[in-house]
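Observations on the three-dimensional arrangement
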Amino acid sequence: MKEEKSKIGIFDSGVGGLSVLKQFIKYLPFESYIYLGDTARVPYGNKSSETIKKYAKECTEFLLSKNVKLIVVACHTVSSVALEEVEKVSAVPVVGMIRPATKSALIASRNKRIGVIGTRATIASNAYQDYITQNSYNSELRVFAKPCPLFVPLVEEGFINHSATKLVANEYLSDFLEMNIDTLILGCTHYPLLTKVIKEILPDVELIDAGEQAAIFSLRLLAENKLLQEEKDNFLPSPNVEFYLTDMPMNFKEIAKTFLGFEVDKIEIVNLSGK
Ligand code: DGL
């Protein structure tokens, strides 16, 4: 029997990264996962880059201590502000959200007018905007970026298809109509859950789910490095995930079900700081 290859580590500032985990389970169902959510210190999206870098390093060290074969930075805020810090401490490959989402947006866009939405820290870092422009030779290319900070608490409140969310979405997104974008990167873990609401405002715009693109990217990366888990039989296994949080949010189980589509029963609480 072949030796089991080690697990994929995914970390996020909190519960949002579960939307990324969901895509990984869809595209890489035979893998085992370690999910770390820094729920004691969420949100990262309004914090300074120094703080985000420090937290990102601690999350990375935790996953490395679990002997993972790949680190997925599910948090767009960390991917924008602190990917280099994660790469510096990691001995295993690191996949962030920006590169796969950007490549996919550049392929999808026909009129080369691309929108990006994310947390304040993500948009202020210019990481998406810079990466998009650096990877296109088209001088016509235009990027329009907008922070949408209220989307995170609305999703965590379960207001997925709620009139309040529609109102906020209209306020944030209607300008994109005038900008005539044809592609929008959902640059935050929570935004794929709002696809329906966003589509109501921007019906003709292609939405890029960065988690999905990161899963496809990782599938190729693991295959190229011969690190993919063997498929054991023809049956899809039930998801194999160890969940670690830094604090237990009161409504974690409900949120997790909304994000993942299945119940999470075993969670271990860990302390990352002061190591
Ligand atoms: N996970 C964060 C992101 O994708 C959103 C929540 C937060 O602000 O920490 O940017």
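This text follows the structure it describes.
Computed from a predicted structure; not experimentally measured.

Structural notes on the overall build of the protein chain
- When helices and strands are tallied, the protein chain shows 13 helices and ten strands.
- By principal-axis analysis of the C-alpha atoms, the protein chain measures approximately 55 × 40 × 40 Å.
- Residue pairs in contact within the protein chain that sit at least 24 positions apart in sequence constitute 76% of those at least 6 positions apart.
- As presented, the protein chain carries roughly 13,100 Å² of accessible surface, and 50% of it is formed by carbon and sulfur atoms.

What about the environment of Glu 254?
- Positionally, Glu 254 belongs in helix H13 (residues 252-260).
- On the accessibility criterion, Glu 254 (60% relative accessible area) is exposed.
- The spatial distance from the C-alpha of Glu 254 to the C-alpha of Gly 158 is 8.7 Å, given a sequence separation of 96 residues.

Focus on the pairing of strand E5 (residues 113-118)
- E5 sits mainly inside the fold: five of its six residues count as buried.
- Note that E5 and strand E6 (residues 142-147) share six bridges and pair parallel. In the sheet register, Ile 114 faces E6, and the bridge partner there is Val 143.
- As defined by bridge partners, E5 adjoins strand E7 (residues 183-187) across five bridges and the pair is classed as parallel. Considered in E7, the bridge of Val 116 is made with Ile 185.

Some words on the site of the ligand
- Surrounding the ligand, one finds 13 residues, the nearest of these being Asp 12, Ser 13, Tyr 44, Gly 45 and Thr 77.
- One of the side-chain nitrogen or oxygen atoms of Thr 189 is found 3.0 Å away from a nitrogen atom of the ligand.
- If the ligand stood free it would expose 300 Å²; the protein chains cover 98% of that surface.
- Considering only residue class, the shell around the ligand consists of five nonpolar, seven polar and one charged.

Looking at the sheet that holds strand E8 (residues 206-209)
- An order of E6-E5-E7-E8 is seen for the four strands of this open sheet, with the pairing classed as parallel. With partners counted over all chains shown, the strands left at the sheet margins are E6 and E8, one partner each. Neighbour-to-neighbour, the strand axes of this sheet turn through a mean angle of 20 degrees, independent of strand direction.
- Here helix H12 (residues 210-224) sits on the sheet and contacts E7 and E8; the angle it forms with E8, its principal contact strand, is near 55 degrees.

A closer look at the side chain of Thr 77
- Relative to the assigned elements, Thr 77 resides in helix H3 (residues 76-81).
- Polar side-chain contacts of Thr 77 include one of 2.9 Å to the side chain of Thr 119.
- Excluding its chain neighbours within four sequence positions, the residues that come into contact with Thr 77 are Tyr 44, Gly 45, Ile 52, Ala 82, Thr 119, Ala 121 and Thr 122.

A short note on the packing of helix H1 (residues 18-27) against H12
- Between H1 and H12, the shortest axis-to-axis distance is 8 Å and the interhelical angle comes to 40 degrees. Regarding the angle of H1 to H12, the classification is oblique. As for how H1 packs across H12, the hand of that crossing is right-handed. Contacts between H1 and H12 involve Val 20, Gln 23, Phe 24, Lys 26 and Tyr 27 from the former and Gly 211, Glu 212, Ala 214, Ala 215, Ile 216, Ser 218 and Leu 219 from the latter.
- Grouping the constituent residues of the contact of H1 with H12 by class yields seven nonpolar, three polar and two charged.

Focus on the sheet that holds strand E3 (residues 70-73)
- Pairing is parallel in the open sheet, where six strands are placed in the order E4-E3-E1-E2-E9-E10. The strands lining the two open edges of the sheet, one partner per strand, are strand E4 (94-95) and strand E10 (267-269).
- In the sheet, strand E1 (residues 8-12) pairs with strand E2 (residues 32-37) via five bridges, with the strands oriented parallel. Within E2, the position partnered with Ile 10 by the bridge is Tyr 35.

Structural notes on the packing of aromatic side chains
- Under the defined criterion, the tally for this structure stands at six aromatic pairs.
- Taken together, a centroid distance of 6.4 Å and an interplanar angle of 85 degrees make the contact between Phe 24 and Tyr 33 edge-to-face. Residues Phe 24 and Tyr 33 agree in their burial class; the two are buried.
- Measuring from ring centre to ring centre gives 5.2 Å for Phe 62 and Tyr 244, while their planes differ by 65 degrees; the resulting arrangement is edge-to-face. Here Phe 62 is found in helix H2 (residues 49-65), whereas its partner Tyr 244 is found in strand E9 (residues 240-245), with 182 residues between them in sequence. Each member of the pair, Phe 62 together with Tyr 244, is buried.
- Every member of this aromatic cluster is reached through a ring pair, and the members are Phe 151, Tyr 172 and Tyr 191.
- Over the aromatic face of Tyr 55 sits the side chain of Arg 41, whose NZ or CZ is 3.8 Å from the ring centroid.

Calculation notes
In every chain, residue numbers begin from 1 and rise along the written sequence. For this predicted model, a pLDDT threshold of at least 70 governs which residues receive local features, and a threshold of 80 or more governs which side-chain atom pairs are given and counted, while totals over whole chains, interfaces and linings are taken from all residues. Computation of side-chain values: all heavy atoms of the structure, hydrogens and water removed. Only DSSP runs of H or I reaching four residues or more are called helices, and only runs of E reaching two or more are called strands; each is numbered from the N terminus. Whether two residues touch is decided by their heavy atoms; if any such pair falls within 4.5 Å, the residues are in contact. With residues, only the protein chains shown are counted as cover, and all accessible areas are computed by Shrake-Rupley using a 1.4 Å probe. Relative accessibility thresholds used throughout: buried, under 20% of the residue-type maximum; exposed, over 50%; partly exposed, between the two (1.4 Å probe, protein chains only). A pair of strands is considered paired only if DSSP assigns at least 2 bridges between the two. Working definition: residue near molecule or strand if any one of its non-hydrogen atoms lies within 4 Å of it. Side-chain atoms alone can form a polar contact between residues adjacent in sequence; in general such a contact is a pair of N or O atoms within 3.5 Å, and within protein one must be able to donate a hydrogen while the other accepts it. Each residue gets one label: Ala, Val, Leu, Ile, Met, Phe, Trp, Tyr, Cys and Pro are nonpolar, Asp, Glu, Lys and Arg are charged, and the others, such as Gly, are polar. Lines fitted to the C-alpha atoms define the axes, with helices restricted to the stretch that makes contact. Angles between their N-to-C directions range from 0 to 180 degrees. Roughly parallel means an angle under 35 degrees; roughly antiparallel, over 145; roughly perpendicular, 65 to 115; everything else is oblique. Less than a right angle of anticlockwise turn of the near helix away from the far helix marks a crossing as left-handed, whereas a clockwise turn marks it as right-handed. Here a Phe, Tyr or Trp ring, Trp counted by its six-membered ring, pairs with any other such ring whose centre lies within 6.5 Å, and the pair is stacked when the planes are under 30 degrees apart, edge-to-face when over 60, and tilted otherwise. Whether a charge sits over a ring depends on NZ of Lys or CZ of Arg being within 6 Å of the ring centre and within 35 degrees of the ring normal.

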